[in-house]
Amino acid sequence: MNATHEADVIVVGAGLAGFCAAIEAAQAGAEVLLLEKQAEVGGSTMLSGGSMAFAGTDLQQKAGIEDSSELLFKDMREVGGHENDEKLVRLYADRQLDTYRWLRERGVEFGPIQVSSGQSAPRVHPARPRDMIRLLMQHARGSRNFRLLNSAVALRLRQDAGSSRVPGVLAQIDGKQTELVCRRAVVLASGGFSRNADLLQRFVPAQAKAIRVGGPGNTGDGLKMAWQLGAGFRDMGYVKGTFGNHPKAGAEEHTALMAVYKGAIAVNQNGERFVNESISYKLLGDAVLQQSSAVGYQIFDQSIMDQAVAGVPMFDYQKRLTQGLLIRGENLKELAGKVGVPGEKLVATVNEYNGFADQGRDERFGRTGLSMSYGKLVRIERAPFYAYPSTSAIIATYCGLTVDTGMRVLDVFGEPIAGLYAAGELTGGFHGIAYMTGTSLGKSAICGRIAGVNAAGSMS
Ligand SMILES: Cc1cc2nc3c(=O)[nH]c(=O)nc-3n(C[C@H](O)[C@H](O)[C@H](O)COP(=O)(O)OP(=O)(O)OC[C@H]3O[C@@H](n4cnc5c(N)ncnc54)[C@H](O)[C@@H]3O)c2cc1C
């Protein structure tokens with residue numbers, strides 16, 4: 001065992017939260033060591049769709065979209081079933097615009113605004129996640145205070161019995177166990193546990209049929225290290241899959257397609273609708289798990305196809321068609337035959353739904369808009385027609401350590417664990433029962449920055 005590394009702030013995990021924390025801590029004058037378990041940085045952030053939820057931005061204004069921090073706050077609380085922590089949601093709402101500008105100042109570009117899960121105004125700001133990580137890494141490397149170690153696995157947090165601070169980290173570096181000395185604080189930014197079957201089984205056995213997608217390093221390490229020190233947990237029972245992933249998705253592949261928020265319906269193997277398609281895609285995920293083989297089909301027409309957005313994974317319908325994942329039929333019966341659902345039934349379902357669209361009222365499931373109450377129901381009528389096989393995939397775990405608004409990790413009694421901060425996917429309290437698209441990357445950036453500043457300011 002040898003102690004070869006020392007830093008003011010040690011950040012565990014080089015995804016979006018970790019880079020934001022490291023940049024801010026280094027900027028605040030702390031010597032920062034960023035540990036990344038994998039040979040490559042980026043974690044789930046790199047695999048993600050890049051959708052980030054911001055409100056009141058210049059891009060929204062240019063597109064004539066009315067939105068505000070207050071509306072975002074209201075939507076996040078509502079979609080979370082008011083089970084999320086009001087103070088943390090308020091923090092997100094208050095700090096999101098500043099973080100949007102901060103990312104733009106560092107070169108991150110956002111594409112055309114979209115509406116998605118849990119949004120009563122279009123506020124998905126699509127970024128290219130690979131570019132974002134590359135830009136942040138470049139920025140971090142520009143600081144003399146910053147060091148990154150790849151293939152460096154944090155194993156345990158070291159607690160100083162005398163002061164009960166967290167003075168260090170035991171890590172595996174180049175195959176050797178190494179004690180890392182930390183002069184100020186540790187920031188855990190090691191992501192969620194979508195790739196840890198044991199933890200998923202322990203917390204959410206009901207999600208056993210959901211497929212699992214996420215960064216290979218997302219095995220809940222930070223969660224377990226903080227757990228050992230008595231950290232509290234939040235929202236664990238609400239881990240859910242996200243609707244819209246292709247059932248044949250690989251564990252490190254993005255195959256989500258979202259057409260329901262542009263007006264598609266979702267049908268099951270019998271060709272029948274089974275849910276109000278405007279609700280959060282986590283709740284849609286639960287609904288599809290109840291269907292035979294846990295699979296549904298998003299059914300849409302050429303008018304929705306025409307709204308595809310190249311380069312934004314969830315809305316890049318053309319790409320899914322080229323990949324052979326999206327199925328096309330010249331008419332609904334042909335589509336039904338290709339998909340393997342009863343043709344007459346699918347035609348009847350679409351006809352009924354078109355009647356609801358004309359009335360503006362869905363008498364079967366109470367759908368009143370495209371996403372939440374935003375937008376109006378649209379007829380599915382213009383050939384050709386499309387079907388996307390969709391199941392539920394746990395792509396992120398949206399729950400975890402209890403934190404306060406300074407990103408200090410709180411123990412099971414609500415007391416801060418000295419010298420320990422957390423940010424990103426491994427924190428709980430932001431989402432509650434469901435999820436607004438873009439708030440997972442959003443909270444990683446917003447809270448990574450806060451954790452970095454505060455960790456740098458920790459007294460030695
Ligand atoms: C396919 C997919 C699509 C998604 N799309 C979106 C989207 O469009 N919008 C959205 O908001 N969210 C989305 N998400 C969720 C979002 O990407 C994540 O919640 C977010 O990127 C988490 O960021 P993070 O920095 O907390 O973790 P990550 O980006 O996962 O980074 C954590 C890092 O920590 C490393 N690590 C883990 N354990 C250790 C250890 N012991 N020692 C050292 N390093 C360690 C990991 O290897 C990883 O690199 C998506 C997720 C997936 C998988």
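Counting of residues starts from 1 at the beginning of each chain's written sequence and follows it residue by residue. Totals for whole chains, interfaces and linings use all residues, but because this is a predicted model, local features are given only for residues with pLDDT of at least 70 and pairs of side-chain atoms are given and counted only at 80 or more. Each side-chain value is derived from all of the structure's non-hydrogen atoms; neither hydrogens nor water enter the calculation.

Trainee: When you look at the nonpolar core in this model, what are you seeing that I'm missing?
Mentor: Most often, soluble globular proteins keep nonpolar side chains buried together rather than apart. What we call a nonpolar core is a set of buried Ala, Val, Leu, Ile, Met, Phe, Trp, Tyr and Cys residues that are connected through their side-chain atoms within 4.5 Å. Think of it in three bands: residues with accessible area under 20% of the maximum for their type are buried, residues over 50% are exposed, and the middle band is partly exposed, with areas taken using a 1.4 Å probe on protein chains only. Phe19, Leu35, Leu103, Leu188, Met407 and Leu420 are the most contacted members of the largest nonpolar core, which totals 105 residues. Bear in mind that the domain bounds are from an automatic or database domain assignment. Counting the residues that make up this core, at least three belong to each of domain 1 (2-205 + 214-238 + 397-457) and domain 2 (242-394). Each residue touching Leu35, except ones within four places of it in the same chain, is listed here: Ile10, Val11, Val12, Gly13, Ala14, Leu149, Ala152, Ala154, Val169, Ala171 and Leu180. Counting 30 residues, the second-largest nonpolar core is a separate cluster that includes Ala256, Ala259, Leu284 and Met314. Contact definition: two residues touch when any of their heavy atoms are within 4.5 Å.

Trainee: Please clarify how the packing of helix 5 (residues 86-105) against helix 14 (residues 439-457) should be interpreted in this entry.
Mentor: Geometry of a packed helix pair, given as the angle between the helix axes and the separation of the axes. Interaxial angle, 0 to 180 degrees, is taken between N-to-C directions of lines fitted to C-alpha atoms, where a helix line uses only the stretch in contact. In DSSP terms, a helix is any run of H or I states spanning at least four residues, a strand is any run of E spanning at least two, and both are numbered starting from the N terminus. Viewed as axis vectors pointing N to C, helix 5 and helix 14 meet at an angle of 85 degrees, and their least axial separation amounts to 9 Å. With respect to each other, helix 5 and helix 14 are oriented roughly perpendicular. Two secondary-structure elements touch here, helix 5 through Leu91, Tyr92, Arg95, Gln96, Asp98, Thr99, Trp102 and Leu103 and helix 14 through Thr439, Gly442, Lys443, Ala445, Ile446, Cys447, Arg449 and Ile450. Tallied by class, the residues present in the contact of helix 5 with helix 14 amount to eight nonpolar, four polar and four charged. Just so you know how the angles are binned, under 35 degrees is roughly parallel, over 145 roughly antiparallel, 65 to 115 roughly perpendicular, and the rest oblique. In the scheme used here, Gly and all other residues not listed as nonpolar or charged are polar, with Ala, Val, Leu, Ile, Met, Phe, Trp, Tyr, Cys and Pro taken as nonpolar and Asp, Glu, Lys and Arg as charged.

Trainee: Looking at this structure, I do not really get the site of the ligand. What am I missing?
Mentor: Here a residue is near a molecule or strand as soon as one of its heavy atoms is found within 4 Å of it. Residues in close proximity to the ligand total 41 residues, the closest being Glu36, Thr45, Glu425, Ser440 and Leu441. Think of a polar contact as two N or O atoms within 3.5 Å of one another; within protein, one of them needs to be a possible hydrogen donor and the other a possible acceptor, and neighboring residues in sequence only count if both atoms come from side chains. Thr45 places a side-chain nitrogen or oxygen 2.5 Å from an oxygen atom of the ligand. A distance of 3.0 Å separates an oxygen atom of the ligand from a polar side-chain atom of Tyr435. Accessibility throughout is a Shrake-Rupley quantity obtained with a 1.4 Å probe, and a residue counts as covered only by protein chains that appear here. In isolation the ligand exposes 1000 Å². Once the protein is present, 99% of that is buried. Where the shell around the ligand is concerned, the elements lending two or more residues are helix 1 (16-27), helix 2 (43-47), strand 6 (152-158) and helix 14.

Trainee: Could you clarify how one ought to interpret the domain arrangement of the protein in this entry?
Mentor: Many structure descriptions define interface size as the accessible area lost when the parts assemble. We note that the domain assignment places domain 1 (2-205 + 214-238 + 397-457) and domain 2 (242-394) within the protein. Put simply, buried area is how much 1.4 Å-probe accessible surface two parts lose in total, over both of them, once they are put together. Carbon and sulfur atoms make up 64% of the surface buried where domain 1 meets domain 2, a total of about 2100 Å² over both sides. What counts as a salt bridge is simple: a side-chain nitrogen of Lys or Arg found within 4 Å of a carboxyl oxygen of Asp or Glu. Linking domain 1 to domain 2 there are one salt bridge. Residue Arg195 is joined to Glu252 by a salt bridge in which the shortest nitrogen-to-oxygen separation is 2.9 Å. The biggest single contributor to the side of domain 1 that touches domain 2 is helix 4 (residues 69-79), with three residues. Residues belonging to the side of domain 1 that touches domain 2 are distributed by class as follows: 14 nonpolar, 13 polar and three charged.

Trainee: Please clarify how the pattern of salt bridges should be interpreted in this entry.
Mentor: Opposite charge on two side chains permits them to pair, given that their charged atoms come into close proximity. Going through the model one piece at a time under the given rule, you end up with 32 salt bridges. What you see here is one network of salt bridges that share partners, running through Glu6, Asp8, Glu31, Arg183 and Arg184.

Trainee: What is the right way to look at the packing of aromatic side chains in this model?
Mentor: To describe a pair of aromatic rings, one takes the distance between the centres and the angle between the planes. Aromatic contacts are taken between Phe, Tyr and Trp rings whose centres are within 6.5 Å, Trp giving its six-membered ring; a plane angle under 30 degrees counts as stacked, one over 60 as edge-to-face, and the others as tilted. For the structure shown, the criterion picks out 12 aromatic pairs. Between Phe203 and Phe233, the ring centres sit 6.0 Å apart and the planes meet at 75 degrees, which makes this aromatic pair edge-to-face. Here Phe203, found in helix 7 (residues 197-203), pairs with Phe233, found in strand 10 (residues 233-234); they are 30 residues apart in sequence, far enough to count as distant. On the basis of relative accessibility, which here comes to 24%, the residue Phe233 falls in the partly exposed class. Every member of this aromatic cluster is reached through a ring pair, and the members are Phe193, Phe203, Trp227 and Phe233. Both a distance and an angle decide whether a charge sits over a ring: NZ of Lys or CZ of Arg must be within 6 Å of the ring centre and within 35 degrees of the ring normal. Sitting over the face of the ring of Phe73, Arg90 holds its NZ or CZ atom 3.8 Å from the ring centroid.

Trainee: I tried to follow the environment of Ala127 on my own but got confused; where do I start?
Mentor: Within the fold, Ala127 resides in the loop between strand 4 (124-126) and helix 6 (129-141). Separated by 185 residues in sequence, Ala127 and Val312 place their C-alpha atoms 8.1 Å apart. Excluding its chain neighbours within four sequence positions, the residues that come into contact with Ala127 are Gly49, Gly50, Val108, Glu109, Phe110 and Met132.

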